[in-house]
Every structure is written in C-alpha cells, then in structure tokens.
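# Overview (structure and organization)
Listed below, chain by chain, are the residues.
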Amino acid sequence: MTQPVLPIPAGPVAPPCTLVIFGAAGDLTKRLLVPALYDLAAAGMLDGSMRVLGVDRAEMDDRTWANGISRALHDLAADPGAEFNAGTIREEIWGPLRSRFSYLRGDITVPATFEALGRRLEGSAVFYCAVSSRFFSPIVLGLGRAGLLGESEGAFRRLVVEKPFGSDLASARALDAELLSVAAESQIYRIDHFLGKETVQAILALRFANRIFEPVWSGEHIDHVEITAAETLGVEERGGFYERAGALRDMVPNHLFQLLAMLAMEPPESLAEKPVRDAKARLLAAVRPAEPGDAVRGQYGAGTLNGEARLAYRDEPNVAPDSAIETYAALKLTIDAPRWAGVPFYLRTGKRLAAHRTEIVVTFKPASHPLFAEAGGGTPAPNRLILQIDGEKSVRTEFQTKRPGPGLVPASVAQVFRHDEFFQRTPNVGYETLLHACMSGDATLFQRADSIEAAWAVVEPLIEAWSQGSPELYAAGSDGPAGADALLARGGHRWTPLGDDPDARVDGGPVARPAA
C-alpha cells in the first residue's frame, strides 16, 4: 500500500542567506524552486531569516509576485499529477516563508539592475540563474562587474547555473571561462536536477552497500546496459527551444551521462565531495567519443498515444515545417576501463514515446554452465536488474527458478522493491536536496567543469554529423525509430520494450512482493 506523504525528515538547518532568483516569473521558479523551498521549510531546514529575492522584467511589485507564487503553489499541491505532491499547503509554514519574498524589476542587460540588486543585498547570497541558457553570460558578467560575487569573512556568494551548460564543447569552455573570470570554481554550482532525485542518489547505496551486487558489477558478469529516459509528452510550447537544442543536447550529455557516471564509476575513496566528483570525472573521461555509425536520431511524426491522435513534431507550434531537429536519440557507448571491457552501454531518450519511463536495465551474461540445456530445460533467460528512476520508483531483480512440474525446466521470476512500499513518502521535486546543499556549501551533487567538458567531448562527433541530413521518422506513441532497434540487433541485443508492464508476470512466474 502506498504510504502517506510526510514532511522531509528534519536535517541540518542551512546557513542564512538571500536566494536571488533570476527568472522569478518563469515556470522553473513556480513549478520547482518555490515548492522545494516550501518542502525545506516544512522540514525545518531553512533559517528563519533566509530571504528570497526574485528578479525579472515583468511589471510587478513584492505583493503581486508573492501572490502569484502563492496561487501557483496551491494549484500544484492540489494537482495529483504534478511533481509537487504536498497534498495541501500548511499556512503556518507557507505564511512566514512567503513574508520573506520580495521582488526587483530589472533588465539583466542593464548595469543599473545589478546596482539596484546590490543595494538590496547584505551578507550571504546564492544567485540562481533560472533562465534560458543564452542569459547566463549577461547575468554572470553583470554580477561580476557590480562586485556582487566578492566574498568576505562570514558571508558567502554562490552562483547556480542550470543546464544546458553550453551547446557543445567549445561553448561550454567559453562559458566556463566567463564564469571563472568573475568567480572562483568553489563558488560555481552547475546544477542537474537528476542528481537531486532520491532514486539516482540511491544508486551509490545499491552498488557499494550490498555485497551481492558489487562483486558482479563488471564486464566479467554484465553483458550490456540500457539507460532510458522516455517521455510521452511532445515539445508542447517549447518548440522554439527545441529547434535550437534537440534531444541530444537537451538530455544526453547531462541527465543520461549523470546516470551513466553513477552506475559505472569506480568506488570513490569516500562519500565526501571531492572523491565522489573525482570518480565521476574519471569515468566520463574514459568514455570513448560516440561513433556516428553507432547512433540513431529520430523525429516523431503523427500517431496515436493513449487513444488520442497526436501531431507530428513539424506541425507543433514554433517548429519549422521542414525541421531536421531530432526528438529522439539513441547511441552505443564504450568505456575504456578494465571493469567495463567488452560491455556496450546503450542510451536512448525521446519525446512522444509509448511510455514515460526513466530506467536503467542491467542485463547479466548467461549462466556459465549448460546444465539446464543439457537436461532438456532450455537455455535460461539472463538475470536482469532494473532500476526505475521515475514514476513507480523501484528496483527489480529477475532471476531463475525451477518451474513446478516434471523435469528441470527453468522459469523467470522477479522480486520487486518499491520505494513507496518500504518508506513513507516525502515531498520531493528533485530540488530540495540541491538547494539545501548549495546553501550549505556542499557541491557533491553538482557538476564540475571537467565532467561537463568530458561529456560534451563524447557527443561532439554526433553534433557535427547531425548538422546535416534528416532524422528518421517514428510514429508518436511508438518505441522510437526502427534504426534504434537495428543498432542493438547488430550486437545481438534488443531494447526493453517501453510498453512492458513492470507489474506483469515474468515468464509465467509471480512477482514477489514484500510482506504486509
């Protein structure tokens, strides 16, 4: 049974500061940042003097902005489909927090905006760029010219930059150079909200806290790995953004590579900030640049999803009628490390696919002895470990047992750990841990420049190759283009179908469930 939603377990209180949000009127602020702040306040993890200062071009005052934020927060809490799952807003929590919200109307291209901001600040501050990536440079340089990133004893100044961090290797390096011209590396927090998800952080515990997994976590036992981030949504109202980015830039060198790093990195010396980030950086540096022949790009055409007709990507608002932008990307990667010799890693992401699913599927090699085949029972199916990152958060192990009846006939069965059946649910939009960590000066879950540049270097050959030609079409509501299936078939593999029901019986065997 699903557990009730409870506040985040109390943790240490973050040091007092002012959180300055550039893009205060935007979707990210309303849908994720403010709900995360509410969750932290409910857990007692925000200092009572912490302030929030929104900066945007919209014509508003303190009261107007706070009222709009409040309406959005209540609407999200009442929406069972929203990422924010608090249920109801407790006014004894929200009221005091809301009272510390203020607003500054300003244009980030005008120096006077930063001068006015400086007059509103004292003590520690975190500057959050909740804006389109093209505005990162004006904000960062404006803060630097106004002297707002200078730190003094007892007062920190930190800068949070959302993804995408650059659009290729050269632009990522250029942006880093701009940031480092006005701030120290220790002040820069490059955020990827995937690292705020409990299920992503739990990969470390799964790997390194369990003797049954770590000894077999290598190419000696693992046959191949799939990492999937599939969406049923189309581009919605983001056609203009997607025409510049595409699926590869939007998802692969950030979200999917973060999952890859957590899954494949060597054990860090400790769980402290530097060892963990060093281990991730070494792993990403060991990934070979992607081969265009080992990658597939697709674009959704018209189709049917959940019984409803869906438009083709080229018919969506703000999309060119002859667009060659990909809405789907799949690639095969190789890691030059002894642990992963001979193991292909298959990554895929796309929009308007058959199911919403973020998962990792680890398929192990066949049993090393042919006993069951010799006994006439057939070749047993391989063991699999499936990590469901989103939706029904779970870990599923598929293994073999004897089918009841005469003879030694193997049957596949599954054991499923469902997060919400073992732990009481807590509100989590993925930003609570990250915001608290930034205020507290812990960069463990944030990306470092070397990791970002290593990721861009891997996909750089695809960016260049895909600047010409057109993507392969796939029907909305399908599993993606046929070329992606052919990519795996060349290695004797196949994707885990998106339409698979995780609760379905496996090869006739029941799904094992925890005791009530």
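Reading the values: the criteria
- Residues numbered from 1 in each chain as written.
- Predicted model: local features only at pLDDT ≥ 70, side-chain atom pairs only at ≥ 80, totals over all residues.
- Heavy atoms only, no water.
- UniProt positions renumbered as here; feature names shortened; annotations may be inferred.
- Buried < 20%, exposed > 50% of the residue type's maximum accessible area, 1.4 Å probe, protein only.
- Helix = DSSP H or I, 4+ residues; strand = E, 2+ residues; numbered from the N terminus.
- Pairing = 2+ DSSP bridges.
- Domains from an automatic or database assignment.
- Axes fitted to C-alpha atoms, helices over the stretch in contact; angles between N-to-C directions.
- Parallel < 35°, antiparallel > 145°, perpendicular 65-115°, else oblique.
- Left-handed = near helix turned anticlockwise from the far one by under 90°.
- Contact = heavy atoms within 4.5 Å.
- Nonpolar A, V, L, I, M, F, W, Y, C, P; charged D, E, K, R; others polar.
- 1 Å grid on protein atoms, 1.4 Å probe; cavity = no way out; pocket = protein on both sides within 12 Å on 5 of 7 lines; lining within 4 Å.
- Polar contact = N/O pair within 3.5 Å; in protein donor to acceptor, adjacent residues only side chain to side chain.

The protein chain goes by Glucose-6-phosphate 1-dehydrogenase in an unreviewed UniProt entry, where it is assigned to Aureimonas pseudogalii. Comment text from UniProt for the protein chain, heading Sequence similarities (unreviewed entry), reads "Belongs to the glucose-6-phosphate dehydrogenase family."

### Points about the pairing of strand S12 (residues 345-350)
Summarising burial for S12: 6 of the 6 residues are buried, a large majority. Burial along S12 is two-sided: Phe345, Leu347 and Thr349 and Tyr346, Arg348 and Gly350, pointing in opposite directions, are all buried. In the sheet, strand S7 (residues 222-230) pairs with S12 via 6 bridges, with the strands oriented parallel. Counted as the bridge partner of Glu226 is Tyr346 from S12. Pairing between strand S11 (residues 328-333) and S12: 6 bridges, direction antiparallel. When the bridges of S12 are listed, Ala330 appears paired with Arg348.

### Points about the side chain of Arg448
By secondary structure assignment, the location of Arg448 is in the loop between helix H13 (432-440) and helix H14 (449-465). A relative accessible area of 17% places Arg448 in the buried class.

### Structural notes on the domain arrangement of the protein chain
By domain assignment, the protein chain separates into domain 1 (17-162) and domain 2 (195-426 + 448-490). Centre-to-centre, using C-alpha coordinates, domain 1 lies 33 Å away from domain 2.

### Points about the packing of helix H9 (residues 246-264) against H14
The N-to-C vectors of H9 and H14 enclose an angle of 150°; their axes lie 10 Å apart at closest approach. When the interaxial angle is binned, H9 and H14 end up roughly antiparallel. Along this stretch, H9 crosses H14, giving a crossing that reads as right-handed. Within the contact between the two elements, H9 uses Leu248, Arg249, Val252, Pro253 and Phe257 and H14 uses Ala455, Trp456, Val458, Val459, Leu462 and Ile463. Residue classes in the contact of H9 with H14 are distributed as 10 nonpolar, no polar and 1 charged.

### A look at the UniProt feature "binding site: NADP(+)" (unreviewed entry) in the protein chain
UniProt records the feature "binding site: NADP(+)" (unreviewed entry) at Arg57, Asp107, Ile108 and Lys163, using the numbering of this structure. Annotated residues from the preceding list that form part of the lining of the largest cavity: these are Lys163. Within the fold, Arg57 resides in the loop between strand S2 (51-56) and helix H2 (62-78). For Arg57, a relative accessible area of 58% corresponds to the exposed category. Mapped onto the fold, Lys163 is located in the loop between strand S5 (157-161) and helix H6 (169-182). Not counting residues within four places of it along the chain, the set of residues in contact with Lys163 comprises Ile191, Asp250, Asn254 and His255. Polar side-chain contacts of Lys163 include one of 2.7 Å to the side chain of Asp250.

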